[in-house]
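Below, each chain spelled out in residue letters.
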Amino acid sequence: DGVMAIHESFRIMLVEDSPTAAELANYWLQDGLGADFVLHRATHLSSALELLRQRMVDLTILDLNLSDSQGLATFRAIHAQDLRVPIVVLSGDADESLAIEAVRLGAQDYVVKSNGVENPLARPVRFAWERVQRYRAEAALRENNQQLQIARSVQQYLFPDGPPTLPGYDIACRCEPTGLIGGDYYDFVFLPDGSVGLAIADVSGHGTAAALLMVEVRATLRA
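Residues numbered from 1 in each chain as written. Predicted model: local features only at pLDDT ≥ 70, side-chain atom pairs only at ≥ 80, totals over all residues. Heavy atoms only, no water.

A. Seen up close, the nonpolar core. Membership of the largest hydrophobic core comes to 24 residues, with the highest contact counts inside it found for Met13, Leu64, Ile78, Val89 and Tyr110. Only strand E2 (11-15), helix H2 (45-53), helix H3 (72-81), strand E5 (87-91), helix H4 (96-105) and strand E6 (109-112) provide two or more residues apiece to this core. With 5 residues, H2 is the largest single contributor of residues to this core. Excluding its chain neighbours within four sequence positions, the residues that come into contact with Met13 are His40, Ala42, Ala48, Leu51, Leu52, Val57, Leu59, Thr60 and Ile61. One finds Ala25, Leu29, Phe37 and Leu39 within the second-largest nonpolar core, a separate group that totals 20 residues. (Core = buried A, V, L, I, M, F, W, Y, C linked by side-chain atoms within 4.5 Å. Buried < 20%, exposed > 50% of the residue type's maximum accessible area, 1.4 Å probe, protein only. Helix = DSSP H or I, 4+ residues; strand = E, 2+ residues; numbered from the N terminus. Contact = heavy atoms within 4.5 Å.)

Rendered as structure tokens:
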């Protein structure tokens, strides 16, 4: 088992115990994807499961028949380890019923090694790469939104709990940024002589940079 290729953007696990078939699959991948992938080769089911446990796989290319596992039992074990990782079955068996059952169980595709196509892996692997890129973008967007929600909570916490009570005055206050966070700021500052200072500020711009500058302004003013 080892690493056969170059780049960290797309991590492919090839589960194949035949060195000749593994070299052919590597050639197909290089031809179809260029150099934008890392290829981990597992020759046994046990080592493939370990790579999946380590979260080192974006796509599995799977030969169903290994020395320690045979047929659809191999697919079921790999698929159950991490349901999020797509699997392309690369088989020497042109059994249509087997292909249909593999896809029914969750395989992205079933590719026959010697089916007369110049590069049978090109289409399913490119499709998987596009899917991985979409999932990564969606995950990054979710994480960014979570971070912005946290920043919004922190920013709202920095605003006064409410206006001070001053005889002869009826005071109300509210700050609602157009986005999740912004550069608007208001504060009530109690001064040593007993008077109350009112601060209202608007940082130029929007978003995270404006919000960070607002926090600095607040700290400076209160200091």
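From this point, the discussion proceeds with the structure in view.
B. Focus on the pairing of strand E7 (residues 184-190). For E7, the buried fraction is high: 5 of the 7 residues fall into the buried class. Connecting E7 to the antiparallel partner strand E8 (residues 196-202) that follows it, the hairpin turn spans 5 residues, and Gly194 within it adopts a positive phi of roughly 90°. (Pairing = 2+ DSSP bridges.)

C. Expanded view of the environment of Leu105. Along the polypeptide, Leu105 turns up in helix H4. When its relative accessible area of 22% is taken as the criterion, Leu105 is described as partly exposed. The contacts of Leu105, once residues within four sequence positions are left out, are Leu72, Phe75, Arg76 and His79.

D. Inspection of the layout of surface pockets at higher detail. Estimates place the volume of the largest pocket at around 380 Å³. Residue lining of the largest pocket: 14 residues in total, with Arg11, Val57, Asp58, Arg84 and Tyr135 positioned closest to the centre. Element by element, the count of residues in the lining of the largest pocket is highest for helix H5 (residues 122-158), at 6 residues. Of the residues that constitute the lining of the largest pocket, the class distribution is 6 nonpolar, no polar and 8 charged. By volume, the second largest pocket is sized at about 150 Å³. Of all the secondary-structure elements, those providing two or more residues to the lining of the second largest pocket are H5 and helix H6 (207-222). Of the residues in the lining of the second largest pocket, the class split is 8 nonpolar, 3 polar and no charged. (1 Å grid on protein atoms, 1.4 Å probe; cavity = no way out; pocket = protein on both sides within 12 Å on 5 of 7 lines; lining within 4 Å. Points joined across faces, edges and corners; volume = space filled by probe spheres on them. Nonpolar A, V, L, I, M, F, W, Y, C, P; charged D, E, K, R; others polar.)

E. Seen up close, the pattern of salt bridges. One pass over the structure, following the stated rule, counts 10 salt bridges. With a shortest N-O distance of 3.1 Å, Glu50 and Arg53 are connected by a salt bridge. Of this pair, Glu50 and Arg53 are both found in helix H2, 3 residues apart, which corresponds to roughly one turn of the helix. The partly exposed category is assigned to Glu50, whose relative accessible area is 32%. (Salt bridge = Lys/Arg side-chain N within 4 Å of Asp/Glu carboxyl O.)

F. The arrangement of H2 in detail. Turning to H2, its buried residues are Leu45, Ser47, Ala48, Leu49, Leu51 and Leu52. Lining the buried residues of H2 we find E2, strand E3 (38-42), strand E4 (59-62) and H3. Phi turns positive, to about 55°, at Arg55, one or two residues after H2.

G. Quick peek at the packing of aromatic side chains. All chains considered together, the criterion is met by 3 aromatic pairs. Consider the rings of Phe10 and Trp129, whose centres lie 4.6 Å apart with planes at 25°: the pair is stacked. On the criterion of sequence distance, the pair formed by Phe10 in the loop between strand E1 (2-3) and E2 and Trp129 in helix H5 is long-range, its members being 119 residues apart. The same class applies to Phe10 and to Trp129, which are both buried. Summarising the aromatic geometry, the rings of Phe159 and Tyr186 are spaced 5.1 Å apart at their centres and angled 5° between planes, so their arrangement reads as stacked. Linking Phe159 in the loop between H5 and E7 with Tyr186 in strand E7, this pair joins segments that are 27 residues apart in sequence. For Phe159, a relative accessible area of 6% puts it in the buried group. Using a relative accessible area of 12% as the deciding quantity, one classes Tyr186 as buried. Among the aromatic residues, ring-to-ring pairing joins Phe159, Tyr186 and Phe188 into one connected group. (Phe/Tyr/Trp six-rings, centres within 6.5 Å; stacked < 30°, edge-to-face > 60°.)

Coordinates in, geometry out; function isn't part of it.
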